[in-house]
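Residue-level structural notes
One-letter residues, chain by chain:
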Amino acid sequence: MPAKMATRGLSVWYGSKRAIQDVTLDVEENAVTALIGPSGCGKSTFLRTLNRMNDLVEGCRVEGVVTLDGEDVYGRDVDAVAVRRRVGMVFQKSNPFPRSIFENVAFGLRIAGMRDRQTLAARVEESLRDAALWDEVKDRLGDSALALSGGQQQRLCIARALAVRPEVVLMDEPASALDPIATARIEELIRELKRRYTIVIVTHSMQQAARVSDFTAFFYMGELVEYGPTERIFTRPIQKRTEEYITGRFG
Amino acid sequence: MPQHTSHEFEAELRRLKERLLAMGGRCESSIAAAVRALETRNPELASAVERDDRVIDADELAIDELAVRILALRQPVGRDLRFLMTALKVVTDLERIGDEAVNVAERARDLSAAVELPESQALLGPMAAVATRQLRRALDAFVEEDASKAADVLARDDEVDELYGRIVRATLAYMAAHPQNVEAAMRVTSCAKYLERIGDHATNIAEMVVYLVDGVDVRHGGARSRESAGTR
């Protein structure tokens, strides 16, 4: 099966600083790919390059190829907003809008021009169910999203990302600010979601990468050091730098 | 490989390894004492082997406890995880080697008052030497984390088996000629069997060293390569 997304010789510069160097990686469909590595290794930059989030950063330059279903994401005629609709994103810090729960999920749909109330309501419910939040909020959809707990807010953000029916969901440390119970819920959700979505997750927690992902990519100083099935990376890494990093030998 | 950033973790792994090696050393001297008990017909030495075995049993409990502690608190991965797996397997083999030495010592006690089987009993010493050498080399491979030394142990497994075969054949011939001494002959065969088991345990340890170093499982004739083991 061809990869859902792929990069070939991808390099990213912020001004004169190269954040990513010549990365070639496949993102498998209906699987969870974890990006691990120390701070500043380029994993978040790589994630943002997949849906052209870096377009919004001044001085950012991308070289090489990023494809989605074989098509160049950075192609001349490709609309970045259309890419982001197909490749959604969930951020580290849950960032619900100061609106109702319902409106948070409906937000992207309204922007996309969906007006019919019934269709909207159906899609909001579906998204909240997919994000495993429906049962907790179905009786108070009109309440402010800010009244939800941290874990619920993060699942709301996932529901908001799912509402526009993306094919790929990028997650940038989605559970780093949550307690172990909320983290376990998010991880369980990620495993559920991979049946219908392709997921790429950046995480500082190696245990989390081990728990949720099918494939792991280890980045170090802007380079992709090693990529492989998660089970192998955590039991028999091939590269010395991977071994040192995952076993906690940081020099 | 550089040391762990956590000095405590580094120290725990070192302690685990040292304890295993100390246990391995005790197993070697137990075998030596058991064989000396056989050769010198000295029941006193047999009792000493039994006493030593209690220390070996205590080693096993302490090593298991340390390993569980590391697994729970450090959640090792990569080579550290393979080291923990190896430690947990090796400790079982060593404990059984201790038991086999006791078995040899018990037979030595019985045999001290029995007739001697010249040909068979003369081979027990050399067989014990080979089994002990296999064990020492397997432990050296473990200390040095040297897969080629471990492979060498695996390649020489036949030497113990070959001596076992010779002792069994010699004993059978002796029994045919001296049916009145079957009981003593059976005990000699048992000793050979215990030594053969010690050789097998040494082989198990060597197999785990290959796993520790290369991440490849070579047990039961398998040699799952990195590649084939690495696919989904």
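So, a few notes on the structure that sits alongside this text. Along each chain, the written sequence defines residue order, and numbers are assigned to residues from 1. Both sets of labels track the order of writing: A upward for chains, 1 upward for ligands. Per-residue local features are limited, in this predicted model, to residues with pLDDT of at least 70; the limit for side-chain atom pairs, both in listing and counting, is 80 or more; totals at the level of whole chains, interfaces and linings are taken over all residues. Side-chain measures were taken over the full set of non-hydrogen atoms in the model, leaving aside hydrogen atoms and water.

Now for the overall build of chain B. Each helix and strand counted, chain B has 8 helices and 0 strands in total. When the helices and strands of chain B are listed from N to C terminus, the series reads α-α-α-α-α-α-α-α. Dimensions of chain B, computed from the C-alpha atoms along their principal axes, are close to 65 × 35 × 25 Å. Relative accessibility decides the category of a residue: with a 1.4 Å probe and only protein chains considered, values under 20% of the type maximum give buried, values over 50% give exposed, and everything between is partly exposed. Counting all 232 residues of chain B, 50% fall into the buried class. By sequence separation, contacts in chain B at least 24 residues apart represent 82% of the contacts at least 6 residues apart. Each helix is a run of DSSP H or I of at least 4 residues and each strand a run of E of at least 2, with the numbering of both proceeding from the N terminus. Here, residues are in contact when the closest pair of their heavy atoms is within 4.5 Å.

Time to look at the sheet that holds strand 4 (residues 60-68) of chain A. Whether parallel or antiparallel, the strands of a sheet pair through hydrogen bonds between backbone atoms. Residues and elements named next belong to chain A. Across the sheet, which stays open at both edges, the 4 strands sit in the order 2-1-4-5 with antiparallel pairing between neighbours. Every other strand in the sheet has two partners, leaving strand 2 (17-27) and strand 5 (71-72) as the edge strands with one partner each. Inspection of the sheet shows strand 4 paired to strand 5 by 2 bridges, in the antiparallel sense. Across the sheet, residue threonine 67 finds its bridge partner in strand 5, namely aspartate 72. Sheet contacts for helix 1 (residues 43-50): strand 1 (5-14), strand 2 and strand 4; angle to strand 1, the most-contacted strand, approximately 120°. A pair of strands is considered paired only if DSSP assigns at least 2 bridges between the two. Geometry is summarised by axes, namely lines fitted to C-alpha atoms with helices restricted to the contacting stretch, and by angles between N-to-C directions that run from 0 to 180 degrees.

Residue placement: lysine 17 of chain A occurs in strand 2. Along the chain, lysine 17 of chain A and arginine 61 of chain A lie 44 residues apart, while their C-alpha atoms are 10.0 Å from each other.

Turning our attention to helix 2 (residues 43-74) of chain B. Residues and elements named next belong to chain B. The span expected for a helix works out to 1.5 Å for each residue beyond the first. Spanning 32 residues, helix 2 covers 47 Å between terminal C-alpha atoms, matching the ideal 46 Å at 1.5 Å per step. Here helix 2 has its buried residues at Leu45, Ala46, Ala48, Val49, Asp53, Ile56, Asp59, Glu60, Ile63, Leu66, Ala67 and Ile70. As used in this structure description, the phrase polar contact means that two N or O atoms lie within 3.5 Å; if the pair is within protein, one of them must be able to donate a hydrogen and the other to accept it, and residues adjacent in sequence are counted only when both atoms belong to side chains. With a side-chain oxygen lying 2.9 Å from the backbone nitrogen of glutamate 44, the N-terminal cap of helix 2 falls on asparagine 42. Following helix 2 by one or two positions, glutamine 75 has its phi on the positive side, about 45°.

Residues and elements named next belong to chain A. Assignment of secondary structure puts threonine 67 in strand 4. With a relative accessible area of 16%, threonine 67 lands in the buried category. In contact with threonine 67, not counting residues within four places along its chain, are Lys4, Met5, Ala6, Asp72 and Val73.

Here a Phe, Tyr or Trp ring, Trp counted by its six-membered ring, pairs with any other such ring whose centre lies within 6.5 Å, and the pair is stacked when the planes are under 30 degrees apart, edge-to-face when over 60, and tilted otherwise. Applying the stated criterion across every chain, the model contains 7 aromatic pairs over all chains. Residues phenylalanine 218 of chain A and tyrosine 245 of chain A carry aromatic rings whose centres are separated by 4.9 Å and whose planes lie at 20° to one another, so their mutual orientation is stacked. Of this pair, phenylalanine 218 of chain A sits in strand 9 (residues 215-220) while tyrosine 245 of chain A sits in helix 10 (residues 240-246), and the two are 27 residues apart along the sequence. Accessibility classification places phenylalanine 218 of chain A together with tyrosine 245 of chain A in one group, the buried group. Centre to centre, the rings of phenylalanine 83 of chain B and phenylalanine 142 of chain B are 5.8 Å apart; their planes meet at 5°, and the pair counts as stacked. Highlighted residues: phenylalanine 83 of chain B in helix 3 (residues 78-111) and phenylalanine 142 of chain B in helix 4 (residues 118-144), separated in sequence by 59 residues. Three or more aromatic residues joined by ring pairs form one cluster here, namely Phe218, Tyr220, Tyr245 and Phe250 of chain A.

This brings us to the interface of chain A and chain B. Taken together, the contact between chain A and chain B spans 18 residues of the former and 19 residues of the latter. Buried area, as used here, totals the accessible surface that two parts lose on assembly, with accessibility defined by a 1.4 Å probe and the loss added over both. Contact between chain A and chain B buries roughly 1,700 Å² in total, counting both sides, with carbon and sulfur atoms accounting for 53%. On the chain A side of the interface with chain B, the three residues burying the most area are Arg236, Glu243 and Arg249 of chain A, jointly 36% of the side's total. Throughout this description, the term salt bridge denotes a Lys or Arg side-chain nitrogen within 4 Å of a carboxyl oxygen of Asp or Glu. Put simply, chain A and chain B have 1 salt bridge between them. The salt bridge involving aspartate 80 of chain B is made with arginine 249 of chain A; its shortest N-O contact spans 3.2 Å. Run the count over chain A and chain B and you get 10 residue pairs in polar contact (both at pLDDT 80 or more).

The next thing to look at is the pairing of strand 1 of chain A. Residues and elements named next belong to chain A. Taking burial as the measure, the 10 residues of strand 1 include 7 buried ones, the bulk of the element. Sheet topology places strand 1 next to strand 2; 7 bridges connect them, and they run antiparallel. Of the residues in strand 2, the one forming a bridge with methionine 5 is valine 27. Counted along the chain from strand 1 to the antiparallel partner strand 2, the turn is 2 residues long, and its residue glycine 15 has a positive phi close to 65°. Examined bridge by bridge, strand 1 and strand 4 share 8 bridges and lie antiparallel to one another. Bridge pairing in strand 4 links methionine 5 to leucine 68.

A separate point is the packing of helix 1 (residues 7-40) of chain B against helix 2 of chain B. Residues and elements named next belong to chain B. Viewed as axis vectors pointing N to C, helix 1 and helix 2 meet at an angle of 160°, and their least axial separation amounts to 9 Å. Considering the angle they form, helix 1 stands roughly antiparallel to helix 2. In terms of crossing hand, the pair formed by helix 1 and helix 2 is left-handed. Partitioned by chemical class, the residues of the contact of helix 1 with helix 2 number 20 nonpolar, 2 polar and 11 charged. Here the angle decides the label: under 35 degrees means roughly parallel, over 145 means roughly antiparallel, 65 to 115 means roughly perpendicular, and every other value means oblique. A crossing counts as left-handed when the near helix is turned anticlockwise from the far one by less than a right angle, and as right-handed when that turn is clockwise. In the scheme used here, Gly and all other residues not listed as nonpolar or charged are polar, with Ala, Val, Leu, Ile, Met, Phe, Trp, Tyr, Cys and Pro taken as nonpolar and Asp, Glu, Lys and Arg as charged.

Interpretation in functional terms is not warranted from these geometric data alone.
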